[in-house]
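Architecture at a glance
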Amino acid sequence: MSEKPRPVTSAESDSLPSTDFKTGLSSQEAALRIAQFGLNELEQVRPESIWSILLRQVNSIIVWILAVAAIVSFFLGDNLEGFAVIAVILINALTGFILEYNARQSMEALRKLDTTPARVLRDGKIKEVPSDQLTLGDVLILEAGDLIPADALILEENQLTIDESALTGESVPSQKSTDASPEDAPLGDRHNRLFKGTAITNGNGKAIVTQIGQATELGKIASMVSEAKRSATPLEAKLDALGKVLIWVTLGMATLFLIVGFLRGQEIKQLIETAVALAIAAIPEGMSVVATVALAYGMLRLAKKKVIVKRLSAVETLGGTNVIFTDKTGTLTQNKIEVQALRATGNDFTVRVHTDKAGAPLLDVTSGEPTLIHSPELEILARIGALVNNAQLDSKKSDRKEMGDPVEIALLLYARAAGIDLHKLHREYHRQAEQAFSSDTRLMATLHQVGSEYFIGVKGAVEEVSALCHWDNQQDRDKELEISERMAADGLRTLAFAYRQTDTKPGEDFTHDEKLTYAGLIGFLDPPRKEVTKSLNACHKAGIKVIMVTGDHPATSLKIAKQVGLVEEDELLVLTGKDLESFDFSSANDQKKMMECHVFARVNPAQKLDMIDFYQKQGDIVGMTGDGVNDAPALKKSDIGIAMGLRGTAVAAEAADMVLKDDSFASIVHAIEQGRVIFENIRKFIVFLLSCNMSEIFVVTFAGFLNVGSPLLPLQILFINIITDVFPALALGVGKDNKNLMKSEPRDPKQPILQAADWRRIVFYALVMTASVLGVYWYAIDQLGFSPEEGNTVTFYALSLAQLLHVFNMYSGKLHFFNNEITRNKFIWMALTLCIAIMLVTYYTPFFRQILSLQLLDVQALELILVAGIAPVLVTQTVRLFFPIK
């Protein structure tokens, strides 16, 4: 494989033979340069291997503890226990592996942009070559519809406009010219440069290749995508931290038990077996599986709302997000240009051009006098916009096809909405001549014959167009210039329009034959998406800070931010990429500006990474939405990357953690709500599992300290953990009935998954169940004369029932015991029914009784089991009456 492309130094550039722009490179010289600088392709990044995904599933402290317990069981000859523990480890690993297998690729989508051929001048002829065979100095032949195959310098251009939205975030295509741009200009302002991966929307031209492959701007972004490191998600980190707590609890209890037993002179083998039992009791074997299933179930619920989650823990991460960086173009806006403001004969209008259900264009007046919207002056303005136009608009009202510059398409849609029949207009107005737009004249003009008369239409920059018009006084022209500047400050792109009707055929320079009549101004804007405002309000209520980060113009960005309600109407603060270049992120003053600003404009991909890093260092969980190639590195760097599926690039979708198939910002709110529900469910079932496991530890430990025998065997503990604990925990994990979570602030990301109050509840629940179970164990042995084996059986079933009924203690807040999210959860009742059925099978089937060392019991023993199972619930609910849970 050829050496990967690299930037060309000035010395190397000077040493290269100059390219003849008329003949291009020779085939021999092109081959030499390809050998020297490499192919024009992006560096291929090796995807995450299957073994790496599998290894991640077993690389956790909890799994390690279980593995040690299995090894000790085999060493002591308890093969059944050892295989049972290994089975738990394998089931958990396989579940996580299957659900994450589809998330291995992040760079292949970038390579898909390299598949298009390119037309170049070679040996004096236009040739079509694979894009990877382009090299430095090649002369590109460019036409509308082409993808730019490499970074290049423009040599010639004719009305050349480029859609750079995927790279820069700008909705409006960039008008290109041969005039030199400042070296430090942002990408969107380098008007004499072309960039790999962008598309030509109009015009044609020639350009000379200046950078290829990884050295292009697209290649630099690809490098940032591969280099951006994704740290462990908050849920992964918190479960790992919880695992560390559990390992210390396990080691502490087992060591203490061994020391006490050794001092008492107990048999070493029995002590080790009991220590293994403690280890198994301390580890909630089902926690990882339940967390995985809870997240997977959340994924399925989100998929129904057209949110595709690629990584399991991403669901919970979004629920904990307290900062969202959102792109403007295509995310907050519709990524299309519409006419939004009109000015003619001193009347100003704010309008909205849209279509009805049948596809017919409509024109709504949102400000201005509605009765004047169809005045002759505005009809002329719409007519000029339709005539001085090279775009095409299918006449069908449905399945509309649009071709050409987006601004010109917007003018055609406005003309049609204003009642102009475009086909009739073009039949009556025969185009005779055209003066194409150029960076020198900054206007476009067309000459039309209408019967025996001639009509001249002009559109362009207000300074140039107004200079060609007749004015009664200079003050009138100055006023139009001032209004145009005011519209631009409001984020609108403005065009001025003028015309002249004459009986005599104008000359070749028909715009300068006589003074024109000024028709008015039209302002254009990429309109906001309808649902965004409501979604942003929901984010604000949920305590989530939303920040716009875009490569677009500052005024345009602020305008959109105000329209969607991201900032207040009197907000003036906008920070640009140049502002960030001079920022000292260690400065308190600059940090304050960063925290106060909600709109960042003219920001490049590297600066997006810096901003995300800044907020992450503040302890925030950062989400990033986007749809363009320029968003890919930030999508990967953020804690949760959210790509737009319809308008978004494949690059962004592959770099993200989740994809919105309907491109709806409202779907983010659904995902946030689902994430919060899942985290609450996970916290709830962890409290349930740990209180159950801690009750097992207390039962074994207290019995050992009191020297009253072994009320539970290791295999019995493992059975309880896997069966009677896991199924109710699974039911808790898939609950969805909690409407108040989106009315509260996001949880503090620095806080552990369980707080002090949760641990107090866990200990309390465990002590109550332990007291109840050990009480009936003592009563059965000491008062009723049960054998140790019968007492063991009573303890096994009593603890199983107590833990099953303990699920009803998990409801939140001050809800009623008989009507809450637990009793309304159908999966809870299904889990209880299943577990009770399994317990009956273990009791009435000799095979299972033998494996679990169980005995048949009389009615009196069954009554003790019922008492031990129900008593903890009654005690807990009595305490909650006096000390309610918040």
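Residues numbered from 1 in each chain as written. Predicted model: local features only at pLDDT ≥ 70, side-chain atom pairs only at ≥ 80, totals over all residues. Heavy atoms only, no water.

**Points about the overall build of the protein**
Quick note on the threshold: Helix and strand definitions follow DSSP, with helices as H or I runs of at least four residues and strands as E runs of at least two, each counted in order from the N terminus. Note on exposure labels: buried denotes an accessible area under 20% of the residue type's maximum, exposed denotes more than 50%, and partly exposed covers the range between, all computed with a 1.4 Å probe on protein chains only. Note on contacts: a residue pair is in contact if any heavy atoms of the two residues lie within 4.5 Å.
Per the secondary structure count, the protein includes 31 helices and 25 strands. Every one of the 886 residues in the protein was classed for burial, and the buried ones make up 54%. Sequence-distant contacts, at least 24 apart, represent 71% of the contacts inside the protein between residues at least 6 apart.

**Details of the nonpolar core**
Operational definition: Residues grouped as a nonpolar core are buried Ala, Val, Leu, Ile, Met, Phe, Trp, Tyr and Cys residues, joined through side-chain atoms within 4.5 Å.
Of all hydrophobic cores here, the largest spans 135 residues; its most connected members are Phe685 and Ile686. The greatest single-element share of this core, amounting to 21 residues, is contributed by helix α25 (residues 665-706). Judged by nonpolar contacts, the second largest core, of 39 residues, contains Ala344, Ala417, Leu425 and Tyr499.

**A look at the sheet that holds strand β21 (residues 575-576)**
Put simply, the rule is: Two strands pair if DSSP finds at least two bridges between them.
The strand order β8-β25-β24-β23-β9-β20-β22-β21 describes an open sheet built from eight strands, whose pairing is mixed. Each end of this open sheet is capped by a strand with a single partner; those strands are β8 (307-309) and β21. In terms of strand pairing, strand β23 (residues 622-626) meets strand β24 (residues 640-644) through four bridges, oriented parallel. Directly across from Gly623, in β24, lies its bridge partner Ile640.

**Looking at helix α26 (residues 714-733)**
Rules: Each residue after the first adds 1.5 Å to the expected span of a helix. Note on bend: at a given residue it equals the angle between the axes fitted to the 7 residues ending there and to the 7 starting there.
For α26, spanning 20 residues, the distance from its first C-alpha to its last is 26 Å, which sits close to the expected 28 Å at 1.5 Å a residue. By the largest-angle criterion, Val726 marks the main kink of α26, which is about 40°, and a proline, Pro728, follows within four residues. Counting buried positions along α26 yields 17 of 20 residues, so the element is predominantly enclosed.

**Let's talk about the environment of Leu854**
In this structure, Leu854 sits in the loop between α30 (846-852) and α31 (859-882). Leu854 gets classed as buried once you look at its relative accessible area, which sits at 6%. Between the C-alpha atom of Leu854 and that of Gly791, which follows or precedes it by 63 residues, the distance is 9.6 Å.

**Some thoughts on the pattern of salt bridges**
Under the convention used in this document: The salt bridge definition used is simple: a Lys or Arg side-chain nitrogen within 4 Å of an Asp or Glu carboxyl oxygen.
Summed over all chains, the structure comprises 21 salt bridges. A salt bridge links Glu408 to Lys459; the nearest nitrogen and oxygen atoms lie 2.8 Å apart. Of this pair, Glu408 sits in helix α14 (residues 406-417) while Lys459 is found in strand β17 (residues 453-460), placing the two residues 51 residues apart along the sequence. Given the relative accessible area of 7%, Glu408 is considered buried.

**Some points on the packing of aromatic side chains**
So the rule is basically this: Note on ring pairs: Phe, Tyr and Trp rings are taken, using the six-membered ring of Trp, and paired if centres are within 6.5 Å. Classes follow the plane angle, with under 30 degrees stacked, over 60 edge-to-face and the rest tilted.
Following the criterion strictly, the structure yields 16 aromatic pairs and no others. Residues Phe325 and Tyr615 carry aromatic rings whose centres are separated by 5.5 Å and whose planes lie at 80° to one another, so their mutual orientation is edge-to-face. Here Phe325 is found in strand β9 (residues 323-326), whereas its partner Tyr615 is found in helix α22 (residues 605-617), with 290 residues between them in sequence. Here Phe325 falls in the buried class, since its relative accessible area comes to 1%. According to the relative accessible area criterion, Tyr615 is buried, its value standing at 1%. Centre to centre, the rings of Tyr429 and Phe455 are 5.6 Å apart; their planes meet at 90°, and the pair counts as edge-to-face. Here Phe455 lies in strand β17 and Tyr429 lies in the loop between α15 (422-428) and β15 (430-435), a separation of 26 residues in the sequence.

**Here's the deal with the environment of Arg676**
Here Arg676 is to be found in helix α25. Along the sequence, Arg676 and Thr321 sit 355 residues apart, while their C-alpha atoms lie 9.4 Å from each other. Residues within four places of Arg676 in sequence aside, it is in contact with Gly319, Ala542, Ile544, Leu741, Met742, Ser744, Glu745 and Pro746.

**Quick look at the side chain of Gln803**
Threshold: By the criterion applied in these results, polar contacts are pairs of N or O atoms within 3.5 Å in which, for protein atoms, one can donate a hydrogen and the other can accept it, and in which residues neighboring in sequence qualify only through two side-chain atoms.
When you line up the elements, Gln803 lands in helix α28 (residues 788-805). Engagement of the side chain of Gln803 in a polar contact is seen with the backbone oxygen of Cys692, the distance being 3.0 Å. Separated by 3.2 Å, the side chains of Gln803 and Ser695 make a polar contact. Excluding anything up to four places from it in sequence, Gln803 contacts Phe688, Cys692, Ser695, Glu696, Ile720, Thr724, Asp725 and Met769.

**Re the packing of helix α27 (residues 756-783) against α31**
Note the following rule: Angles here are taken between N-to-C directions and fall from 0 to 180 degrees, while the axes themselves are lines fitted to C-alpha atoms, restricted in helices to the stretch in contact. Here the angle decides the label: under 35 degrees means roughly parallel, over 145 means roughly antiparallel, 65 to 115 means roughly perpendicular, and every other value means oblique. A crossing counts as left-handed when the near helix is turned anticlockwise from the far one by less than a right angle, and as right-handed when that turn is clockwise. Just so you know the grouping, Ala, Val, Leu, Ile, Met, Phe, Trp, Tyr, Cys and Pro go in nonpolar, Asp, Glu, Lys and Arg go in charged, and all remaining residues, Gly too, go in polar.
It is at 9 Å that the axes of α27 and α31 come closest, and there the two elements cross at 150°. Relative to α31, the element α27 lies roughly antiparallel. Once α27 is placed against α31, the crossing between them reads as right-handed. Contact residues: α27 offers Phe764, Tyr765, Val768, Met769, Ser772, Val776, Tyr779 and Ala780, while α31 offers Leu864, Val867, Ala868, Ala871, Pro872, Val875, Thr876 and Val879. Class assignment of the residues belonging to the contact of α27 with α31 gives a composition of 14 nonpolar, two polar and no charged.

**Let's talk about unusual backbone geometry**
Phi angles above zero are rare outside glycine, and Asp123 is one such case at about 55°. By the element assignment, Asp123 lies in the loop between β1 (117-122) and β2 (125-130). For Ser853, which is not glycine, the phi torsion reads 60° and is therefore positive. Along the chain, Ser853 turns up in the loop between α30 and α31.

**Observations concerning the confidence of the model for the protein**
Threshold: pLDDT measures how confident the predictor is about each residue, on a scale from 0 to 100.
Counting all residues, the mean pLDDT for the protein is 81, and 84% of those residues have values of 70 or more. For residues 1-17, every residue scores under 50 in pLDDT, and the model assigns this stretch 35 contacts once sequence neighbours within four places are set aside.

**Some remarks on the packing of helix α21 (residues 588-596) against α22**
Where α21 meets α22, the closest approach of the two axes is 12 Å, and the angle between their N-to-C directions is 100°. Classified by the angle between their axes, α21 and α22 sit roughly perpendicular to one another. Touching Gln591, Met594 and Met595 of α21 are Met611, Phe614 and Tyr615, all from α22. Grouping the amino acids of the contact of α21 with α22 by side-chain chemistry returns five nonpolar, one polar and no charged.

**Thoughts on the pairing of strand β7 (residues 199-211)**
Pairing geometry for strand β3 (residues 139-143) and β7, over five bridges, is antiparallel. Residue pairing across strands places Ile141 opposite Lys206, the latter belonging to β7. Where strand β4 (residues 151-163) and β7 come together, ten bridges link them in antiparallel fashion. If you follow Asp163 over to β7, its bridge partner there is Ala199.

**Focus on the environment of Tyr797**
Within the secondary structure, Tyr797 is located in helix α28. Along the backbone, Tyr797 and Leu864 are 67 residues apart, and their C-alpha atoms lie at a distance of 9.8 Å. Those residues within four positions of Tyr797 in sequence are excluded, and the remaining contacts are Met839, Thr842, Tyr843, Leu854 and Ile865.

**Some points on a nonpolar patch on the surface**
As a reminder of what qualifies: Only residues whose relative accessible area exceeds 30% and that form no salt bridge are eligible for patches; like-charged ones are grouped when within 9 Å, while nonpolar side chains (Val, Leu, Ile, Met, Phe, Trp, Tyr) are grouped when within 5 Å. Here the accessible surface of atoms and residues is derived via Shrake-Rupley with a 1.4 Å probe, and residues count as covered only by protein chains that are part of the display.
On the surface, Leu258, Ile259, Phe262, Leu263, Ile268 and Ile272 cluster together into a nonpolar patch covering about 590 Å² of accessible area. Per-element accounting of the nonpolar patch gives the leading share, four residues, to helix α9 (residues 234-264). Note on placement: Leu258 falls in helix α9.

**A few points about the side chain of Asn820**
For Asn820, the position within the fold is in the loop between α28 and α29 (826-844). Assessed through its relative accessible area of 1%, Asn820 is described here as buried. From its side chain, Asn820 meets the backbone nitrogen of Ile822 in a polar contact 2.8 Å long.

**So, the pairing of β4**
Pairing geometry for β4 and strand β6 (residues 193-194), over two bridges, is antiparallel. Residue pairing for β6: Ala152 is matched across the bridge by Leu194. Alignment of β4 against strand β5 (residues 174-175), held across two bridges, turns out to be antiparallel. Bridge pairing links Thr161 to Gln175 in β5.

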